[in-house]
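# Working through the structure, step by step
So the chains spell out like this:
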Amino acid sequence: MAEARIGLVGLGVMGANLALNIADKGFPVAVHNRRTSVIHDFIGKAGPLAENLVPAEDYAALAAALTPPRAVILMVPAGGPVDSVIEALTPHLDTGDIIVDAGNADFNETRRREAALRDEGLRFVGMGVSGGAEGARHGPSIMVGGAEAAYAEIAEVVESIAARYQDTPCAAHLGPDGAGHFVKTVHNGIEYADMQMIAEIYGLLRHGDGRSTDSIAELFHGWNQGPLQSYLVEITAKVLATADPETGQPMVDVILDSAGQKGTGRWTVVEALKLGQSPMAIEAAVAARSWSAEKALRETGEGLLSPQDAPETGPRVLDGDLERGLLAARIIGYAQGFWLLSAASEEFDWSLDLARVAEIWRAGCIIRSSLLDDIAQAFRGELPGGALILAPAFVRMLRDSVSALRRVVAAAAVSGQPVPALSAALAYYDTMRQARGTAALIQGQRDFFGSHGFVRVDTGEADQHGPWGA
Ligand SMILES: NC(=O)c1ccc[n+]([C@@H]2O[C@H](COP(=O)([O-])OP(=O)(O)OC[C@H]3O[C@@H](n4cnc5c(N)ncnc54)[C@H](OP(=O)(O)O)[C@@H]3O)[C@@H](O)[C@H]2O)c1
């Protein structure tokens, strides 16, 4: 007997919280988990929300609990698990039913699954969900891709569980097939860049300047009241202010300095390169996580490469420069992410509404920040070249902050502190403000050794060659 409005498979961290959120909004939800013992534990601990949770021991029971067109949300790890759940679930579904992959999927796989399921008469929605466990429970930012008619069937539930910004849900249908998962991937890429830039500023203060974690926490706490206001700056202050209950040391000091990554940052870079794009700040952040994992190499390197090649002290950077430098770099990180979204939108014919993307990131998601309101406004106003850094408001903000970024990067270089994401952001800015760069020499070299040809600037003629042999 049909008794639920929507189904959900995968009661892990995200799925359990999302199911509670749906139940909390008054929608009965049928829940299934591969290890079925988890289902009963979960419902047993749900308190009054249990009355909106329908246990489904298997996929047949899940399908029977739903009214066609059924909608089933999957919240399982990307890749094989998504395919295996789809394979087991589809025999119990009917034409027009909807499968929603709410995990972090590679958008290429979402496109493949959407096409394959369409051939079988089913509808597939790729839905990016950001906000971690807390967001899933109380309001995430939700980026949806797939057929608009399929979204219409689930929009009421999705928009009621999403975060709200000034009473507008932070959820939107952004385009067909993989559009939602692509936007979520780039969201995570921007998140990588922002986290890395914050960590680099921390490194300058802690390792370069020898400041205590408490004083750095206070600094970040103060910055969170200004133009850097954001979830990531807020939690940075909290992480740095936390002591390890066992040793009393700063918590950050008992954590191994080797950052994990589950793939979305790398996907951002891979997809960018396939599109002929290079979001340098995001690339640098992905690279920095990979280098962080080379712990043994860095331990050997510390003995062999210091201190002659890397002086331990350098010019002190003013706190105000660190704040404004981080703001400049953050703007550039976002700008590179949005530029990539616009390149993908053109390539895949998605007509992404970038202002709307910025709007649904203003609450619920990990990169939520006060800057996103300015970004949304910039995309709704005059935007020379379609580039965020050229929007009048951002030209002004960068004019006020890039000199600080320059001083931060210079001081880091002199004192031997690695700041790959901050320096990549600065290099991007300096590249974009040079109408004539240095690639003429690259073209000359290519023509010299490979006869690749070049365009003459005086006549505009292509396929020209230099008199190299003469
Ligand atoms: N954690 C976050 O902050 C976050 C944020 C945004 C998006 N996401 C994405 O959300 C998805 C779920 O992440 P999570 O953190 O909730 O993971 P999780 O806590 O590890 O839970 C994974 C869930 O998937 C199930 N599962 C794993 N392999 C399966 C398979 N082969 N067949 C069927 N079920 C399978 C597990 O069932 P069992 O109990 O039977 O093992 C469990 O219910 C991932 O795509 C992740 O990237 C996570």
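These numbers were taken from a predicted model, which means no experiment stands behind them.

Glancing now at the domain arrangement of the protein. Accessible area lost on assembly of the parts is the figure often given for the size of an interface. Here the domain parsing of the protein yields domain 1 (6–177), domain 2 (185–432) and domain 3 (439–470). Summarising the inter-unit geometry, the C-alpha centres of domain 1 and domain 2 are found 32 Å apart. Residue-level contacts link 27 residues of domain 1 with 21 residues of domain 2. For the pair domain 1 and domain 2, the two sides together bury roughly 1,800 Å², of which 62% comes from carbon and sulfur. Among the residues domain 1 hides against domain 2, the three largest losses belong to Phe107, Tyr165 and Leu174. Together they make up 31% of the total. On the surface where domain 1 and domain 2 come into contact, there are 0 salt bridges. For the interface between domain 1 and domain 2, the tally reads 7 residue pairs in polar contact (both at pLDDT 80 or more). The element contributing the most residues to the side of domain 1 that touches domain 2 is strand S10 (residues 171–175), with 4 residues.

We now examine the packing of aromatic side chains. On inspection of all chains with the given rule, the structure shows 9 aromatic pairs. Aromatic pair Phe107 and Phe182: ring centres 4.9 Å apart, planes at 80°, arrangement edge-to-face. Within this pair, whereas Phe107 is found in helix H5 (residues 107–119), its partner Phe182 is found in helix H8 (residues 179–208), the two being separated by 75 residues in sequence. Across this residue pair, the class does not change: Phe107 and Phe182 are buried.

Here we come to the UniProt feature "active site" (unreviewed entry) in the protein. Under the present numbering, the feature "active site" (unreviewed entry) in UniProt falls on Lys184 and Glu191. Annotated residues from the preceding list that form part of the lining of the second largest pocket: these are Lys184 and Glu191. Among the polar contacts made by the side chain of Lys184, one reaches the side chain of Asn104 at a distance of 2.9 Å. Topologically, Glu191 is positioned in helix H8. The exposure class of Glu191 is buried, given its relative accessible area of 13%. Every residue in contact with Glu191, bar those within four places of it in the chain, is listed here: Leu232, Ile366 and Ile367.

The rules behind each value
Once a new chain begins, its residue numbering starts again from 1 and follows that chain's sequence as written. Local features in a predicted model are, by the rule used here, given only for residues with pLDDT of at least 70; side-chain atom pairs are given and counted only at 80 or more, and totals for whole chains, interfaces and linings are based on all residues. With hydrogens and water set aside, each side-chain value is computed from the structure's full complement of heavy atoms. By convention here, the domain bounds are inherited from an automatic or database domain assignment. Contacts: residue pairs with any heavy atoms within 4.5 Å of one another. Two parts placed together each lose some accessible area under a 1.4 Å probe, and the buried area is that loss summed for both. The salt bridge definition used is simple: a Lys or Arg side-chain nitrogen within 4 Å of an Asp or Glu carboxyl oxygen. Two N or O atoms form a polar contact when they lie within 3.5 Å of each other; inside protein one atom must be a possible hydrogen donor and the other a possible acceptor, and for residues adjacent in sequence the pair counts only when both atoms belong to side chains. Strands are runs of DSSP state E lasting at least 2 residues, helices are runs of H or I lasting at least 4, and numbering of each runs from the N terminus. What counts as a ring pair is set by centres within 6.5 Å for rings of Phe, Tyr and Trp (its six-membered ring), and what kind of pair is set by the plane angle: stacked under 30 degrees, edge-to-face over 60, tilted for all other angles. Burial classification: accessible surface area is computed with a 1.4 Å probe over protein chains only, and a residue below 20% of its type maximum counts as buried, one above 50% as exposed, and the rest as partly exposed. UniProt positions are given in the numbering used here, feature names are shortened, and annotations may be inferred rather than shown by experiment. Using only the protein atoms, space was sampled on a 1 Å grid; points where a 1.4 Å probe fits but cannot get out form cavities, open sets with protein on both sides within 12 Å along at least five of seven lines form pockets, and lining residues are those with an atom within 4 Å of a point.

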